[in-house]
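# Inside the fold
In case you want the letters, here they are:
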Amino acid sequence: MSKNFYITTPIYYVNDAPHIGHAYTTVLADVLTRYHKLMGYDCFFQTGTDEHGQKVQQAAEKRGIPAQNHVDEYNVRFKDLWERMNIDYDYFIRTTDPDHKAFVQKCLQNLFDKGEIYTKEYAGWYSVGEERFFGEDELVDGKDPISGRPVEWLTEKNYFFKMSHYQKALIQHIADHPDFIQPEFRKNEVLGFLKQELTDLCISRPKSRLAWGISLPFDDDYVTYVWFDALLNYVSGVLGRKFKDGSDMWPASYHLIGKDILTTHSIYWTTMLMGMGIPLPQHILAHGWWMNGGAKMSKSGGTAINPIPYMDEFGVDVFRYFLIRDMVIGQDASFSDENFFKRINSDLANDLGNGLNRVCKQIVTHFNSQIPAPVLKDSAEIELEEIASNVLNSVLQFIPELKLSQAVEEILSLVRAVNRYLEIKAPWKLAKDPSDKDNLATTLWYGAESLRLALTLLQPVIPKKAAEGLAMLGAPATLSLSWNVLKGGEHLGEQKALFPRILVEKENQPAPSAKNTEDPKVIGEFRVCEIVKVEDHPEADSLYMLSVHDGKRIRTVCAGLKNSYSVEELQNRKAVLFANLKPAKIRGILSEGMFIAADGPDHQGILPDASGFEVGTLLQFDQSKPEPLASVKIKVFEKLDLKVHKHKILSEGQTLGLPGKELIVNAEEGAEVH
Ligand code: ME8
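Residues numbered from 1 in each chain as written. Predicted model: local features only at pLDDT ≥ 70, side-chain atom pairs only at ≥ 80, totals over all residues. Heavy atoms only, no water.

### Notes on the overall build of the protein chain
- When helices and strands are counted, the protein chain shows 20 helices and 30 strands.
- Surface accessibility of the protein chain: about 28500 Å² in total, with carbon and sulfur atoms responsible for 50%.
- Averaged over its 74 positive side-chain charges, the protein chain has a centre that lies 1 Å from the centre of its 91 negative ones. (Helix = DSSP H or I, 4+ residues; strand = E, 2+ residues; numbered from the N terminus. Areas by Shrake-Rupley, 256 points an atom, 1.4 Å probe, with all protein chains shown as cover. Lys, Arg positive; Asp, Glu negative; His and termini not counted. Charge placed at Lys NZ, Arg CZ, Asp CG, Glu CD.)

### A short note on the sheet that holds strand E1 (residues 4-13)
- If you trace the six strands from one edge of the open sheet to the other, you get E3-E2-E1-E12-E13-E7, paired in parallel fashion. Two strands in the sheet have a free side with no partner beyond their single neighbour: strand E3 (91-94) and strand E7 (181-182).
- Docked against the sheet, helix H3 (residues 67-84) engages E1, strand E2 (42-50) and E3, running at close to 155° with respect to E3. (Pairing = 2+ DSSP bridges. Contact = heavy atoms within 4.5 Å. Axes fitted to C-alpha atoms, helices over the stretch in contact; angles between N-to-C directions.)

### Focus: the pairing of strand E18 (residues 544-549)
- In terms of burial, E18 is largely enclosed, as five of its six residues are buried.
- The turn linking E18 back onto strand E19 (residues 554-559) is made up of four residues, and glycine 551 within it adopts a positive phi angle of 105°. (Buried < 20%, exposed > 50% of the residue type's maximum accessible area, 1.4 Å probe, protein only.)

### Brief notes about helix H9 (residues 262-276)
- For H9, which comprises 15 residues, the first-to-last C-alpha distance of 21 Å matches the rise-based estimate of 21 Å (1.5 Å per residue) to within 8%.
- Counting buried positions along H9 yields 14 of 15 residues, so the element is predominantly enclosed.
- Two residues or fewer past H9, glycine 277 is found with a positive phi of approximately 70°. (Expected span 1.5 Å × (residues − 1).)

### Some details on unusual backbone geometry
- Cis geometry marks the peptide bond from glutamine 182 to proline 183; its omega dihedral reads -10°.
- Mapped onto the fold, proline 183 is located in the loop between E7 and helix H6 (184-193).
- In this chain, tryptophan 250 is followed by proline 251 through a cis amide linkage whose omega measures 5°.
- Inspection of the secondary structure puts proline 251 in the loop between helix H8 (233-236) and strand E12 (254-258).

### Brief notes about the site of the ligand
- Neighbouring residues of the ligand: 24 residues in total, closest Ile11, Thr25, Asp50, Gly258 and Trp290.
- The contact in question runs from a nitrogen atom of the ligand to an N or O atom on the backbone of isoleucine 11, over 2.8 Å.
- Here a nitrogen atom of the ligand and a backbone polar atom of glycine 21 are 3.3 Å apart.
- Its free accessible area being 670 Å², the ligand has 95% of it covered by the protein chains.
- Looking at the shell around the ligand, the elements with two or more residues in it are E1, helix H1 (20-38), helix H7 (226-231) and H8. (Near = heavy atom within 4 Å. Polar contact = N/O pair within 3.5 Å; in protein donor to acceptor, adjacent residues only side chain to side chain.)

### Here's the deal with the environment of serine 542
- Along the polypeptide, serine 542 turns up in the loop between strand E17 (526-536) and E18.
- By relative accessible area, serine 542 is classed as buried at 9%.
- Placed 277 residues apart in sequence, serine 542 and histidine 265 show a C-alpha to C-alpha distance of 59 Å.
- Among all residues touching serine 542, those that are not within four sequence positions of it are Ile424, Lys425, Ala426, Ala559, Gly560, Leu561 and Lys562.

### Some details on the packing of helix H13 (residues 379-398) against helix H14 (residues 404-425)
- Relative orientation of the contacting elements H13 and H14 amounts to 170°, with a least axis distance of 9 Å. By the angle class used here, H13 and H14 are roughly antiparallel. Of the residues in H14, those touching H13 at Ala380, Glu381, Leu384, Ile387, Ala388, Val391, Ser394, Val395 and Phe398 are Gln406, Ala407, Glu410, Ile411, Ser413, Leu414, Ala417, Val418, Tyr421 and Lys425.
- Of the residues in the contact of H13 with H14, the class split is 13 nonpolar, three polar and three charged. (Parallel < 35°, antiparallel > 145°, perpendicular 65-115°, else oblique. Nonpolar A, V, L, I, M, F, W, Y, C, P; charged D, E, K, R; others polar.)

Dropping the structure here:
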């Protein structure tokens, strides 16, 4: 199988400033390129600007400057943003480049000579906004069906490309290449469109109406239709370029586009290529839209969000992370501060940042900043290594399928597994007993090595932060997807707080919605219970095996509380159980639920004081109603953002307890609750 990868973004109109929508497609291409490089592919990544056509001419007119000056200034806005976002493209194409213009003219002449382009008089409803004619039956309330703006009746002679000739061949191509247009439902949309008869494509504009474009080589009174010009960038940009193995870059592996330009790519572009006898790209992938307040983010609609302030305040990588993690390719996604803060705090500050700090801090303290070599390999280590290997395999499978959001979620599941492992092994406790030194060394090495792999896998998404994290762990500079890369004796690098928590003011938080299925109030069954029996876990030194009465029955719960409480202290104590957690075997014992506990200064768990509540009571966040709850996986629980504020347990500004009676925990302000 060819290990070459040529990926493109749309070339963006230089009529306005770039926004998050543009940033998204470009980050997506960058991340995919970096993943493919990591997987050993030879890659070429092209982006650029679409500089001709009516929109751009109008933008220049509005500024009162020649179009060429306007595009020379505005394309730089995109280049600057890509530099700021650490976009490692190989070539930035501008449609005003002489090479591109020459190629467009060559293609036009070639099609004209072959009789694929003809001239005819055309009359129709013309939309200035969309730069195209619409049929009477396409208008909505007499207006442009896309932009809703007025249309005008125009009659003019124009040049047409025989697009209709290729309708059958295109349908056949889509049938023969089921993954040509992705996702599947977009392919079906195109096939649906192709059920109607295709018309021919008007590829010219009279200069009397639009002067800013590439002149037709066979009629100097006309310029080329901007889409015919723009689409050719994908080929003109790689003319004469070769991959290292000598093969041509065209056909592209992937055209990444937003769903707004699916028709131009899957119908205009493909039939143009067929007409010219050039092979079709391998895949066209249409992603959804970033929405703001329920509407597509767009400059004209006043809903565009400028990415720069987010990056200035919170950093480039966390912003890249959010874009990649929060949009499932194909679906729309909503951009809001709330979603952004939540995602960064839970995934990067809590899970990744904390895990890394925990491991590094212990290595600094107990091994003089030198990575310890693993000595033992018990079932917990075997399990963690297995999780790491499964995560790696899933990620390598998700990437070629372009399921980036899912890939990132997999990687985070490894990070969470490391945090769980650390809680079970409790290195801070092992450190207290010199006879546990081997176990401590093993625990810290396994924690560090798993986090090294997670950071390596996240590198395409957060290149700078991943490099810093890997340096903190003393990992070699060359990225490696193998296991067993960290070497005992190597020094840790500079230690820093990689992902500071974003502090969110309570009053800025939106009203909680009880319908949200990820809402802690709805998913969490926080039940007061009594510990009736305390035993050591037969297989894990750091765990207790507790028999717990939940008001209805006795359950078994495994808990890493040895560092915090003696057997006597736990006996007959009331605690709060996250009771609808999916039962899971912990080192051979089925554990049905988990206690909630605040993080103490030495990572010991501090149980809340539930003595004032009846056994069996279902606690709630302020406004939630108790209702039967389905069991949830640990992953879901870990996403809850529970914190101590004024000795109470808060989630999204709401307090856990009963109406008028709050649950109290004797932990420090801001402590995490797990
Ligand atoms: O269409 N959400 O340029 P354009 C996600 N020049 N992506 C978005 C978005 C949103 N809200 N808004 C824009 C053009 N995009 C032509 C393309 S290609 C030969 C010519 C992204 O400046 C998305 O990739 O209007 C979309 O397809 C592209 O920007 C449109 O950029």
